[in-house]
Amino acid sequence: MCHGLPRTKVARDRPSIADLYYFATTTDIAVSVYAALAYAAAGAAQAQLSMILSHSLAAEPGDSLADAGRQIFFTLSMGVGIPFIVLHSSASIAALYVRHHMMARWKVGYLRATLRQDIGWYDVNSPQELASRMGESMLLIDKALSVPTFQGLFVLGTCFGAIVTAFTNNARLAGALFGVIMCTVVPGSILLATTLGTRTSRLADAYADAGGYCTEVLGSVKTVAALGLERMALRRYDDKLAVAMR
């Protein structure tokens, strides 16, 4: 962007991890790693719940229902419940901390950059699109570092724990199901994610183009009015907006 920010465009088609953590400190990275590992561990623990319940319900000869109930309660609360709550809660707090801290650092950098502009920034960016691009960057950071994004690691941890459990108990059946999933669900998910990412990027570029033109016209509104170009400006803006709507 300007001085203190990347010289490339504020929003790329595929923002990298380095772009999201451009202002990150060592503490921010450490907290992010902890949030990711904690969510993955919580997901792996979730995958073991069925096995834990099955072993807990297997009462030994001579045990009463009260003994079995106490055993189940102790297993679910102390063995699963409390560690799961601690991992999930601490991971959510860590994810929220990183998200708000990164967004605050980006906003401070944006304000500093507008006061100390690097002239080379104009070679690769359109100044009329600055506000739109910055808003898009804030939206990307908000989504990329939000709690639901980190919770995706919870799902991955659950999948990994379930796969390990399945292969440990019945390797042949687990192998057959795993092969079907790898040939159907995984390619479909990749295709869907790629398509959504491409469409979202094109939509953002189209609206940024329309917003940039609108900003340019408003910035020189006296010239537009003096030359009687209001209708032409509105028509061009409608054309650009129609592209974004399509």
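What counts and what doesn't
- Residues numbered from 1 in each chain as written.
- Predicted model: local features only at pLDDT ≥ 70, side-chain atom pairs only at ≥ 80, totals over all residues.
- Heavy atoms only, no water.
- Patch = residues over 30% accessible without salt bridge, like charges linked within 9 Å, V, L, I, M, F, W, Y side chains within 5 Å.
- Areas by Shrake-Rupley, 256 points an atom, 1.4 Å probe, with all protein chains shown as cover.
- Salt bridge = Lys/Arg side-chain N within 4 Å of Asp/Glu carboxyl O.
- Helix = DSSP H or I, 4+ residues; strand = E, 2+ residues; numbered from the N terminus.
- Expected span 1.5 Å × (residues − 1).
- Bend = angle between axes of the 7 residues up to and from the residue.
- Buried < 20%, exposed > 50% of the residue type's maximum accessible area, 1.4 Å probe, protein only.
- Contact = heavy atoms within 4.5 Å.

Visitor: Go over a nonpolar patch on the surface with me, naming the residues and quoting the values.
Guide: A cluster of nonpolar side chains, Ile163, Phe167, Phe178, Ile181, Met182, Val185, Val186 and Ile190, forms an exposed patch at the surface whose accessible area comes to about 630 Å². Of all the secondary-structure elements, those providing two or more residues to the nonpolar patch are α6 (147-169) and α7 (171-219). The biggest single contributor to the nonpolar patch is α7, with 6 residues. Here Phe178 shows up in helix α7.

Visitor: For α7, give the residues involved together with the corresponding values.
Guide: Note that an α-helix has 3.6 residues per turn; residues three or four places apart therefore point the same way. The first and last C-alpha atoms of α7 sit 68 Å apart over 49 residues, in line with the 72 Å expected at 1.5 Å per residue. Along α7, the helix axis deviates most sharply at Met182, where the bend reaches about 35°. For α7, the set of buried residues is Ala174, Ser201, Ala206, Ala208, Ala210, Gly212, Tyr213 and Val217. Tucked inside the fold, the buried residues of α7 contact α5 (130-144), α6, α8 (221-226) and α9 (230-245).

Visitor: Quick one: what's the story with helix α2 (residues 26-47), residue by residue and with numbers?
Guide: Taking 1.5 Å of rise per residue, 22 residues should cover 32 Å, and α2 covers 32 Å from first to last C-alpha, within 8% of that figure. Residues of α2 that are buried: Asp28, Val31, Ser32, Ala35, Ala36, Ala38, Tyr39, Ala42, Gly43 and Ala47.

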